[in-house]
Every structure is written in C-alpha cells, then in structure tokens.
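What the coordinates show
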Amino acid sequence: MPTADSQTATDRGAVAPKQMANALRALAMDAVEAAKSGHPGMPMGMADVATTLFSKHLKFDAAAPDWPDRDRFVLSAGHGSMLLYGLLHLTGYEDMTLEEIRNFRQLGSKTPGHPEYGCAKGVETTTGPLGQGLGNAVGMALAERMLNARFGDDLVDHHTYVIAGDGCLMEGISHEAISLAGHLRLSKLIVLFDDNHISIDGDTDLAVSDDQQARFAACGWRVQAVDGHDPEAVDQAIAAAKASDKPSMIACRTVIGFGAPNKAGTAGVHGAPLGAEEIAGAREALGWPYPAFEVPDAIVDAWRAVGARGRAAREAWEARLDAAPGETRAAFERGQRGDLPADLEARLADYKRALSADAPKLATRVASQKAIEALADAVPELIGGSADLTGSNNTKAGSMAVVSRDGFSGRYLHYGVREHGMAAAMNGMALHGGLIPYGGTFLVFTDYCRPAIRLAALMGVRVVYVMTHDSIGLGEDGPTHQPVEHLDALRAIPNLTVFRPCDAVETAECWALALANSAGPSVLALTRQGLPTVRTAHDDENRSARGGYVLAEAEGGARRATLIATGSEVEIALQARETLQAQGVPTAVVSMPSMELFRAQDADYREAVLGNPASVPVAIEAATGQSWRALLGEGATVVGMTGFGESAPYADLYRHFGITADAAAAAVIARLTG
C-alpha cells in the first residue's frame, strides 16, 4: 500500500475534494490515536474548509515556505494542530515528513501538541492559548497593508486567513482584535469560523449565546454563513470575501469529528483519541479503507499539485523584485532579514555624547521619546503605537504619521484601550516580517498584555513594550496603577529582556539593545518622574549591554559595600553612597538596567561588578524583591516594597515606604555591624 510520502504520477482531476479532505481526517485521527492524546475533532470537522482554502485560494509555494508575499494561514484554534500538520505534509513541505506525523506530540518532533513557530516551516505563529492567533492575524494583516503602502502591489499583495473556533471567540482578546480590524477595514483579513457549537464541556449553549455573526457585523466586518461541508459554497464565500472592502468572517457550520459514527457532533471527539473501534467506524463511514498513516498515490499527488500551484506566482514575484530599483530592493530585503542600518551605532554614539554634555533631567518616558526621535528616521521599519496613552507613554515621534483606514503609509497606530489586542497584533507584525513593532501602556497593565508577551518570548520575536509609570513614582493615581510586583513577574518569563534605565543615556542604550534583540521581546520600564543624568562622561561603549556595571567605584580603600539599583533608585543609591563614604565605608554603586543581560555575563565579570565576598550588597528598587533575592541570595537585603502602594505625591511615597538614601545607608551599616 503506498504511503503519504508516495510520488507516483496521477491525474489530479480524478481525485474528489472529499477524498483530499478525508486524507486530512485520517492523518489526524491516526496521529492522535498513536500519541494517545490530542484533539481529532476540529481537524475532522474543518477538513473540507481547509481543503477548499488551500486548493482554490491560498497563495503559497511549499518549496519556498518563506516567500515574503505568500498568503498567511493562522490556525488560531491551535488545539487542532493535526489539521495544519496534515496540510503541510500533504502539500509537500520538506520538513513535515510522514515520520513527523507519526511522532505527533513526541519529544523532539516538529509536531508538538499545539503549533509552535520555528518548529516547522509553514507554522506562521504559535497558537493554543485561544484567541491569540486571531490577534496575531490582525497584526499580520496590518503589516501587509503598511508594507504595501511603502513598496506597492508588485512586492506586497497578499491575504491573511484564520481558522478560529468557538473558544477563540469566547476569549476577551477576540473582541479587541475584531474591533481593531473592523475599525481599520483590514480587507485582506478573512476569518473562517469553525461554527461547530461544541467546546470541551459540551454544547456551547452551556456557556454562551452570542450571535457571533451579528457581533462581527457590528464591528464593521462582512459576514457570510455557509455549510462547512459544502466545498462549492465555501469556495464561493471565500471568493466573495476576497472581493470585499472589509475584513470578512465566514461562519462555517461544521460537525466536529465529521465521519466518526458515534462521537461526531459531541464533546467526546474534542480532546481525546477516538479509540480503535471508533476509528474503524469512521474509516467505513468516510469510504477510507486504507491502514493507518497510508494515503493513496493519487490523493498524495493531488495534494502535492496544490503545494506547487503557487510556484508560477512566486517566480513572477521574484522577477518583479529583481526588476525593482536597487534602493527599493535593498530596503525591502533588509527589512525582511530584520537587519538594522549600518550607521545606527554611530548615530547612537552621537546622541549619547550630546546627552552626557547637556545632562538633562528627564523622566525616562520622555527620554525614551527623544531616543525614538533620534532613531526613527534611521529605522523606517520601526512602527510605534500606544493603547490610548500616547501622551503619557511618549511613544510617538514627531515624524511618524498616523495609520488609519484611509491610509497605511504612517508608522504610528492608535490601538485604543486594547492592551491585549495591541500586544497580540505586535506579535503578528513581527512574525509577518519587514517591521519592528513597539507599543506602550502603563507597566501595571502588562497584566493585560502578559499572555501575548509570554508567547513573544516563546517564539523569540522582536517586539518592544514601552511600559511607563513604572513604580510608586507615578504618585497620586495610587495602588491601582502603581506596579509593585510587575518587574519580578516579567523577569520570571524566559527569553524576555526587561530594561529599567536610570537616566536618558541608559534609556538610549536600552533602546538600541531592544532594537538589536532579534531573538526575543524586550520591556522598557520607564518613569513618570524626572531623573537626573548620572552618565555625564561620554563613553562610546554601550555599558548597558552587560546588564549591570559599576557606575561609581568605592573610594578610600577596599570596597566594603555595594549598592545595586535600577531606574529611579540609582539616584538614591548615589546619594546613599555619599553618606557611607563620609562615614568611612568605601561604597560602590552598580546600575543594573537588565538582570537578564547581567546573568548572561561570565562569572568573573559578575563577581567584579558585585564586589568581593567582604563587600555587603544592598539592592534598591521600588518593587517587591523576589528577583533580587534570586540574584543575590535569599538573605539579601532589599530596600523596596513589601506590599501595595498608596495615593500621594511620589516624594511623600518614597519617604513613607522607606525607599530613601538614609534607609539604604542604614541597611548597609546594619549588615556591617550585625
């Protein structure tokens, strides 16, 4: 019996779409059964829709999976990952072999339980946390329109398709995503809603009675409803959606677990293997007599023809790129590679030199805006935005025009009060390629962004979060807006780099590091209150690149104390050092804008910065201190917060909570004499 890897020539016209869809169903139920875990129901239910999309509409070439002008396909309902893996295997993606299908959900495979970006070509984003893929797709569609405005139809002209389920649309992020997409009229975004009325607990009537079609329509989308098992109806609906001047939602009424004789249409097929008896019954019902993991040559070849269907379009695109003016081609290719301009370091050095000479007293949120102003023109891929806090986050450079439904040539997005949607959309923009997104809100509202931040870290994509009002230093807005645990919580996320600069010079350095960090996201935690420039002697070196460094060395003998601080508390540490030096305690101050980068340094460097064992370390940060105790040891002394803040002017709050130079100096003396 030929397998799914067979390449025997055949006449594709002899293969019915239902048989092509049944190949997807069979691979899904076989892989889930072999793994003894997984979600067979959604792939079986949406196989007809996916077959129609890939064979009739999706612009792609399996032999060139990174083609920049391909259509994007996002499986937001990531639990149905075998639908995607089956599509990639059957259409001929080189790395999605039959062996990978057999190894579904196994250690080291390219077929993890939920799709993971970077594991296999053709997986455009990591999905599984429901609704995230829909939010990512909004960002991808935005990126397509913005790059189209810059480079034109010849180089950028493609659609973004999403399969989303009931769960995706129950999640709150879905409203933020569809509202933003509708507002911006992202007409090249098409959502295929798997309207199967089933969730894990049972029929969706248990928990939700929303009219999803009316909801999308109210947000400015074109809405259609079709029988998801009627390929011709699905084909016509997708064609109509592509012709629309609005984003489109097609509600595809499907039967979850289509073909399973006893479990189809029930929650029993949602998240568990079918079992040998049910699979045998499904094979009979579907007219699929072939053994597990085996697909006839004719069906394989029909699918491989689908995978090659976009080759001519891809080659024509490559010819247009080759014929483009040299400057245009170079700019496009540099953006796709994610390279920064060659003169960026020189620009940064000149900017830092001016800051050290002028020594301004600035809130680091204002210093961040000035850094954006200094760097934005040199990095045209840099795309800014804010969740309705532009004036507070200081995220907009004067040269940045606003993106709107009437024109996508700008570089600044007003996301509205949609923090979660903003963060997910920025992930989508970064994944699309060609853009470097950043977006702002208050640091306390990283709670609203956290699921998307975590996925950015998991995927290793370059996104910059400009998070201002970073401590009790924001003052009168009180504890609802004062982040105390957030720095620790963010530092706990693997592959996320958290920066908390102490002045305008460090802010510029941290911006440069965030832009250069192509392997993961970065958070810039920035102050509301003004801070003095402490780096008044210019240094071409980016000292923040090592995470922590000695800002002021001990004088008058061997170091006996080391004050380690971030952000606004570095000023306090320098004041405490003066007190201790006057008392005959040689004291150094370490500025640590990034714990993550500091941990990455070799042991000798870390020991040199933190001081010899006889030197008492005291950390100062207006936050809870778990990350400091992890760095310095459980017995470490931390001058910081132990609970929530209060509403008052910020100077009063620092005194009230004992985050002062006198308190820091007293903590050192207590350690030395205790």
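Scroll up a little and you will see the structure.
My aim in this report is to walk through the structure given alongside it, one point at a time. (Residues numbered from 1 in each chain as written. Predicted model: local features only at pLDDT ≥ 70, side-chain atom pairs only at ≥ 80, totals over all residues. Heavy atoms only, no water.)

Some details on the sheet that holds strand β17 (residues 561-565)
Spatial strand order, β16-β18-β17-β19-β20: 5 strands in an open sheet with mixed pairing. The open sheet has two edge strands, β16 (549-552) and β20 (637-639), and neither has a second partner. Across the sheet, the axes of successive neighbouring strands diverge by a mean angle of 30°, strand direction being ignored. Here β17 runs beside strand β19 (residues 616-620); their pairing, made up of 5 bridges, is parallel. Residue pairing in the sheet places A561 in a bridge with V616 of β19. (Pairing = 2+ DSSP bridges. Helix = DSSP H or I, 4+ residues; strand = E, 2+ residues; numbered from the N terminus. Axes fitted to C-alpha atoms, helices over the stretch in contact; angles between N-to-C directions.)

So, the side chain of T446
Take T446: it is sitting in helix α18 (residues 446-459). Classification of T446 as buried rests on a relative accessible area of 2%. Within the local environment of T446, its side chain forms a polar contact with the backbone oxygen of L443, the two atoms lying 2.7 Å apart. Ignoring any residue separated from it by four or fewer positions in sequence, one finds T446 in contact with I453, M467, H486 and L490. (Buried < 20%, exposed > 50% of the residue type's maximum accessible area, 1.4 Å probe, protein only. Polar contact = N/O pair within 3.5 Å; in protein donor to acceptor, adjacent residues only side chain to side chain. Contact = heavy atoms within 4.5 Å.)

Notes on the pairing of strand β14 (residues 522-525)
Neither face of β14 is left uncovered, since the one carrying S522 and L524 and the one carrying V523 and A525 both have all their residues buried. Note: strand β12 (residues 464-468) against β14, 4 bridges, orientation parallel. The partner of M467 across the bridge, within β14, is A525. The pairing of strand β13 (residues 497-499) with β14 spans 3 bridges and is classified as parallel. Bridge pairing in β14 places T497 opposite S522. Crossover connection from β13 via helix α20 (residues 504-516) to parallel β14: handedness right-handed. (Right-handed = clockwise from strand over helix to strand, strands pointing away.)

What to know about unusual backbone geometry
For H197, which is not a glycine, the phi torsion comes out positive at approximately 65°. Examined against the element boundaries, H197 turns out to sit in the loop between β3 (189-195) and β4 (198-199).

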